[in-house]
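Structural overview
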Amino acid sequence: MEKHRKKIEFGARQHPKLEGITYNYGTAGFREKADKLDAVMYRMGLLAVLRSKKTKVEVGLMVTASHNPVEDNGVKLVDPMGLMLTENWEPHATHVANCSDLELVDTLQRVAAEEQIDAKQKVNVIIIGYDTRPSSKRFASSIQDGVEAFDEQVFQAGCVTTPQLHYLVRGLNTQGVYGDATEEGYYMKLGLAFWKLNGSQGIQTPVYVDGANGVGAEKVPKLLKYINEGKCSRAHFDKKSHLQAFVSNDGSQGILNDRCGADYVKIKQKPPVGMDVIHGKRYCTFDGDADRIMYFYVEKDGAFKLLDGDKICILLAEFFFEHWQHLELPRATFGVVQTAYANGSSTKYLNEKGIRVVLAPTGVKHITKKAEEFDVGVAYEANGHGNLIVKEKTWNSIIACSRKRLRPTDRQKARSAEVLENLINLVNQCVGDALSNMLVVETILNLRKLTIEEWAKCYDDLPNRQLKVKVRDRSVIKTTWDETKVIEPAALQRAIDVLVGVIPCARSFVRPSGTEDCVRVYSEAETQELADTLAYGVAGTVYDIAGGVGEKPQLHIP
Ligand code: G16
């Protein structure tokens, strides 16, 4: 470290820390107004070098604030297998981000000592990706300054979706076994799996995509090229399939995540602005960095129907589970991970189908960890983040069933194994991925010959409402591990219990957001009116008890 002291200090002068801000490594890394983040970016470049020295392989950094408004930005570290940064390094990230410029080298030294990092360990390369925000490219270069202060190298992956960056890191660290570590390799892997599952006929009806004016919008046509032009295999150029996807909110006019995108559609429970939505068509919506997806349509009478992360979870879990049972792997476990935001009807539906469901706190890092407890875990958040995680030994058993010469009586088993092998290749196992999950949904609907309306009918969502409340300091609210109850302030939980108690079959909880400066409120009840009344009642209580600022949330009945 001493060897690099001068360079690190020089960099710190170029990227000085702002006074009076405390940064927190939240649900998905640091998120802030972009004008407050330059020093954090530089410092995360430095920390990524230490993480890479510790793991002795490549790590990545993604510059994005995902669903947040365009003036925000953020950064998160990506671990060697393309997963979120391991939780015990989050405090290191927070310390490195918050120390003064003068303390920076000493703080890094402390991390290195605590983690017993061998200073001589060489780093191959740090992979950096960024989204379409105006500040993002500049931040990628601030991160590069951090890496280069240690005389290490970066690979600038350029403007990519968050899941693509995760994929690249895993591809590099598995020497291409997971997939060729290039953007092209990503499209080829998905394209090939899509062709194997859907054949040359592909899918005959188009899907309409709300690109949230973000990076996903520009990647859809690229993905389609690989599917429709048979470019999904270097060896064979004859693997043409068929998929049409028309993108609105493609960034040519609108503002990122502004009245569009998965978060807007979920919270407002209405279609995005910038898209003509008509009955009889199938729509989906991405968020700004394309790690979330949800589907929607409108009924004949114009009623809006949302198929959120829970519905996608069920489509995938049920399909997988049915084929999985044909494999007869008695000791292997299969389960679904949800968060407290999962609609009560979705959990009930899964239980009735005999699928095990467990709860985890909000955040990809938590649901992924929980899913890893199963041999096959489907982990989904209602907001549209989700994927499938398969243990290596289970993956090998599936491949063995798929490739083995089986007796004619075992044909169903072999067919199911083949479907699952290809389906697993279609899923981005690192993190929720809008592009890959769009292909997953399209494929399952196609194989099951289901329309979006038929899919929606699998269960009726309990009416629900989500609200955000601004408070002076959201960290005053502490919840239980599963986020269903408030521990502090105790008076807040008592007040929520009273409000919930007077509405039959209702549920409500609150928690501080880890990506936005707000407290999130969720409520569920038998009717929309009751869910709204409860949500606004709870939001008002949060405002009163937890130091609300600005306007108090109030239900305006038209
Ligand atoms: C991130 C995380 C998600 C989480 C979401 C909201 O999503 O990756 O797992 O559900 O934040 O978190 P919170 O409620 O703590 O603000 P994204 O799409 O913003 O990266």
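Bear in mind that the values here come from a model prediction, so they are computed numbers and not experimental data.

**Section: the domain arrangement of the protein**
What the domain assignment reports for the protein is domain 1 (2-159), domain 2 (183-305), domain 3 (310-456) and domain 4 (464-545). Look at where the C-alpha atoms of domain 1 and domain 2 centre, and you get two points 32 Å apart. At the interface, 9 residues of domain 1 touch 14 residues of domain 2. Between domain 1 and domain 2, the buried area comes to about 890 Å², and carbon and sulfur atoms account for 52% of it. Looking only at domain 1, the three residues that lose the most surface to domain 2 are S66, H67 and T132, adding up to 53% of its buried area. Taken together, domain 1 and domain 2 are joined by 0 salt bridges. Applying the counting rule to domain 1 against domain 2 returns 8 residue pairs in polar contact (both at pLDDT 80 or more). When the residues that make up the side of domain 1 that touches domain 2 are grouped by side-chain class, the tally is 2 nonpolar, 5 polar and 2 charged.

**Structural notes on the sheet that holds strand β10 (residues 304-307)**
Reading across from one edge, β7-β6-β8-β9-β10 is the order of the 5 strands in this open sheet, with mixed pairing throughout. The open sheet has two edge strands with one neighbour each: β7 (245-248) and β10. For this sheet the average axis-to-axis angle between neighbouring strands, irrespective of direction, equals 30°. Across 4 bridges, the pairing between strand β9 (residues 293-298) and β10 is antiparallel. Paired with Y297 across the strands is K305, a residue of β10. The strands touched by helix α9 (residues 261-268) within the sheet are β6 (207-210), β8 (282-286), β9 and β10, with β8 carrying the most contacts at an inclination of about 115°.

**Quick notes on the packing of aromatic side chains**
Summed over the entire model, instances satisfying the criterion amount to 18 aromatic pairs. Pairwise contacts between aromatic rings join Y167, Y178, Y186, Y187 and Y226 into one cluster. Against the face of Y178 rests R170, its NZ or CZ located 4.7 Å from the ring centre. The ring of Y459 has K311 sitting right over it, with the charged end atom 4.3 Å from the ring centre.

**Focus: the pairing of strand β4 (residues 126-130)**
Within β4, 5 of the 5 residues are buried, leaving the element largely enclosed by the surrounding structure. Residues I126, I128 and Y130 of β4 are buried on one face, and the alternating residues I127 and G129, pointing to the opposite face, are buried as well. In terms of strand pairing, strand β2 (residues 59-63) meets β4 through 5 bridges, oriented parallel. Its bridge partner being in β4, G60 is matched across the sheet by I127. Note: β4 against strand β5 (residues 154-159), 5 bridges, orientation parallel.

**A closer look at the pattern of salt bridges**
If you walk through the whole model with that rule in mind, you get 36 salt bridges. With a shortest N-O distance of 2.6 Å, D101 and R43 are connected by a salt bridge. Of the two residues, D101 sits in the loop between α3 (90-98) and α4 (104-114) while R43 sits in helix α2 (residues 38-55), which places them 58 residues apart along the sequence. The class of R43 is buried, set by a relative accessible area of 0%. In this structure, E373 engages K370 in a salt bridge whose closest nitrogen and oxygen atoms are separated by 3.4 Å. Put simply, E2, R5, E9 and D106 are held in one network by salt bridges that share partners.

**Quick look at the environment of G540**
By secondary structure assignment, the location of G540 is in helix α18 (residues 528-545). The class of G540 is buried, set by a relative accessible area of 8%. In this structure the C-alpha to C-alpha distance between G540 and V469, which are 71 residues apart in sequence, comes to 8.4 Å.

**Notes on the side chain of E318**
Considering the arrangement of structural elements, one finds E318 in helix α10 (residues 309-326). Exposure remark for E318: the relative accessible area of 17% places this residue in the buried category.

**So, unusual backbone geometry**
The omega angle of the peptide bond from E488 to P489 is -10°, so this bond is cis rather than trans. Among the structural elements, P489 can be located in the loop between β17 (486-488) and α17 (490-501). One non-glycine residue, A290, lies in the positive phi region at around 60°. Turning to its location among the elements, A290 is positioned in the loop between β8 and β9. Accessibility expressed as a relative area gives 0% for A290, which makes it buried. Phi is positive for K449, close to 55°, though the residue is something other than glycine.

**Some words on helix α8 (residues 215-228)**
Helix length check: α8 (14 residues) gives 21 Å between terminal C-alpha atoms against 20 Å at 1.5 Å per residue, within 8%. Listed as buried for α8 are V215, G216, A217, K219, V220, L223, L224, Y226 and I227. Buried positions in α8, seen along its axis, are confined to an arc of 165° and lie on one side of it. Buried residues belonging to α8 abut β5, α6 (162-173), α7 (183-198), β7, β8 and α15 (434-448).

**Regarding the sheet that holds strand β15 (residues 464-469)**
The antiparallel open sheet is built from 3 strands, whose spatial order is β15-β19-β18. Of all the strands in the sheet, the pair left with one neighbour each is β15 and β18 (507-512). Pairwise comparison of adjacent strand axes, ignoring direction, gives a mean angle of 15° for this sheet. With 6 bridges joining them, β18 and strand β19 (residues 519-524) adopt antiparallel strand pairing. Bridge pairing in β19 links R511 to R520. Sheet strands in contact with α18 are β15, β18 and β19, and its direction is about 20° off that of β15.

What counts and what doesn't
Residue positions within a chain follow its written sequence, with the count starting from 1. Note on the predicted model: pLDDT of at least 70 is required for a residue's local features to be given, and 80 or more for side-chain atom pairs to be given and counted; whole-chain, interface and lining totals, by contrast, use all residues. To get the side-chain values, all heavy atoms of the structure are used, and hydrogens and water are removed first. Each domain's limits were defined by an automated method or a database of domain assignments. Pairs of residues are marked as contacts when any of their non-hydrogen atoms sit within 4.5 Å. The term buried area refers to how much accessible surface (probe radius 1.4 Å) is lost by two components on association, counted for both of them together. Any carboxyl oxygen of Asp or Glu that lies within 4 Å of a side-chain nitrogen of Lys or Arg is treated as forming a salt bridge with it. Pairs of N or O atoms within 3.5 Å make up the polar contacts considered here, provided that, within protein, one atom can donate a hydrogen while the other can accept it, and that residues adjacent in sequence are counted only when both atoms are side-chain atoms. The residue classification treats Ala, Val, Leu, Ile, Met, Phe, Trp, Tyr, Cys and Pro as nonpolar and Asp, Glu, Lys and Arg as charged. All others, Gly included, are polar. Strand pairing is assigned whenever DSSP identifies at least 2 bridges connecting the two strands. Counting from the N terminus, the helices are the DSSP runs of H or I reaching at least four residues and the strands are the DSSP runs of E reaching at least two. Convention adopted: a line fitted to C-alpha atoms gives each axis, helices being fitted over their contacting stretch, and angles between N-to-C directions are expressed from 0 to 180 degrees. When the centres of two rings from Phe, Tyr and Trp lie within 6.5 Å, Trp using its six-membered ring, the rings pair. Their planes under 30 degrees apart give stacked, over 60 give edge-to-face, and anything left gives tilted. Over a ring means this: the NZ of a Lys or the CZ of an Arg is within 6 Å of the ring centre and within 35 degrees of the ring normal. Think of it in three bands: with a 1.4 Å probe and only protein chains considered, a residue is buried below 20% of the maximum accessible area for its type, exposed above 50%, and partly exposed in between. Between the first and last residue of a helix there are one fewer steps than residues, each counted as 1.5 Å, and that sum is the expected span. Think of the arc as the fan of directions from the helix axis to the C-beta atoms.

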